[in-house]
Structures are given as structure tokens and as C-alpha cells.
Amino acid sequence: MGKPLSDECLDTLFRDARTQGAWLDQPVDDGLLRRVYDLAKWGRPPRTCARCGVVFVKSNEAKARLKPCLDAGNVDKTMSAPVTAVIGMDLRFYEKLPKLFPQADAKAWFKDLPGPVLEVIALRNSSLEGAYFMLAARSLGLDCGPMSGFDDAKVDAAFFAGTAVKSNFLCNLGYGDASKLQPRNPRPDFDEACRVV
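Notes on the structure follow. (Residues numbered from 1 in each chain as written. Predicted model: local features only at pLDDT ≥ 70, side-chain atom pairs only at ≥ 80, totals over all residues. Heavy atoms only, no water.)

1. With respect to the pattern of salt bridges
- One pass over the full model with this rule turns up ten salt bridges.
- One salt bridge connects R15 with D11, and the closest N-O pair in it is separated by 2.7 Å. In this pair, R15 and D11 are both assigned in helix α1 (residues 7-15), four residues apart and thus about one turn of the helix distant.
- Looking at R15, the relative accessible area reads 44%, which means it is partly exposed.
- Among the ionic contacts, a cluster of salt bridges with common partners joins D7, D11 and R15. (Salt bridge = Lys/Arg side-chain N within 4 Å of Asp/Glu carboxyl O. Helix = DSSP H or I, 4+ residues; strand = E, 2+ residues; numbered from the N terminus. Buried < 20%, exposed > 50% of the residue type's maximum accessible area, 1.4 Å probe, protein only.)

2. A closer look at the pairing of strand β4 (residues 165-174)
- For β4, the buried fraction is high: nine of the ten residues fall into the buried class.
- In terms of strand pairing, strand β2 (residues 83-90) meets β4 through eight bridges, oriented antiparallel. Each residue of the ladder has a partner; that of M89, found in β4, is K166.
- In the sheet, strand β3 (residues 143-147) pairs with β4 via five bridges, with the strands oriented antiparallel. In the strand pairing of β4, D143 is matched with G174. (Pairing = 2+ DSSP bridges.)

3. Describing the side chain of D90
- Here D90 is to be found in strand β2.
- The exposure class of D90 is buried, given its relative accessible area of 6%.
- There is a polar contact of 2.9 Å between the side chain of D90 and the backbone nitrogen of R92. (Polar contact = N/O pair within 3.5 Å; in protein donor to acceptor, adjacent residues only side chain to side chain.)

4. Concerning helix α7 (residues 115-139)
- Over its 25 residues, α7 runs 36 Å from end to end, which matches the ideal 36 Å to within 8%, given 1.5 Å per residue.
- Within the span of α7, buried status applies to L118, I121, A122, N125, S126, E129, G130, F133, M134, A136, A137 and R138.
- Backbone geometry just downstream of α7 places G141 in the positive-phi region, at approximately 95°. (Expected span 1.5 Å × (residues − 1).)

Now the structure itself:
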């Protein structure tokens, strides 16, 4: 079923991919954002739930709403990014399961669970979906700058008010300015980070 990707593809997705903090003044077309989502949505099976909500912050008005939510160290890189994706987690994800997983009564598996348990499920699954989102963005030629460092409550009020969606993380999108990148930091080797048991 699976086919190995070329080294060029692996470089794009992993080895050459960097967390960007400086951006070229080059817009990102709405059609490309749609393509990113349309690719990312296939990354996980629907029964694993917690479909993330994504708000693409692009307009000057939306950026003005986002700016006061950011920690000071994230303001410049976020305001200069062509787009910031607010990756959300839907705490009532189970309401969508009759459509997304019609072959079973999957809603019944979750609907009576306590709120804190649902939040853990939503956080875990929307984080995985956010990772697929970044892989999709990179595969379509965009650079990513995922981050924490914002006031969740303020972001929720600004972009998810009146919904069951809460913010998980932010991801700046665009075309990174490679001239501003610092040397890449090392990563743990296999033997430092992994065990085969």
C-alpha cells in the first residue's frame, strides 16, 4: 500500500524543512490554502475524531484581532507572515461522527465522557491533524512556523466565539526568508531517543 517517497520529497517534508520566523513579502493565494486543507484532511481516519477547526488569519482586520493575543516575542514574525493558521480543537467532535463515520454509532462512544477526557482526546487528535496540516503545507511549497506563545482565551474569543472549538496552536504560513535562518540545531540520535523492545 505505502510507497517510499523520493529523497527530494523527504528533504522537503523533513530534512530541509525549518521552522520559519522571517517571511518574504509574497502573498499566499486562497486557492492554495484550500489545497492544503483538502490534502491534510485525508491524513487521519474519521473515527479518530476531533476534526480540527482552522481559521486562516490573512486580512489586516483579522491580523489586528490576533496581534493582542500574541506573546511579545511572536508579534513581529506573526504580523509579517502572509497567513497565520489557528489550529483549533473541537470539543464536541463527536457530533460530527454520524457523518464522518456512519458505519457505527461512534457518537455514543464519546458523548457521555467527562469534559476533561473529551478535551484530552480533542487536543491529542487535533495536534496530530495539525501535524498532517503542516506536512500538506510543506508538500505544496509553503513554509511553516508553528508556535505556542499566545493567550488561548483571547484567541478563542477572537476567532471561535460561540463555538465548541478552542485553539490548540498557531502556524504561520508563507514563503520563508532563508537568509534569516540560524544554523540548524542538532537532534538526538536514534540510540539516544529510541528503544526497540
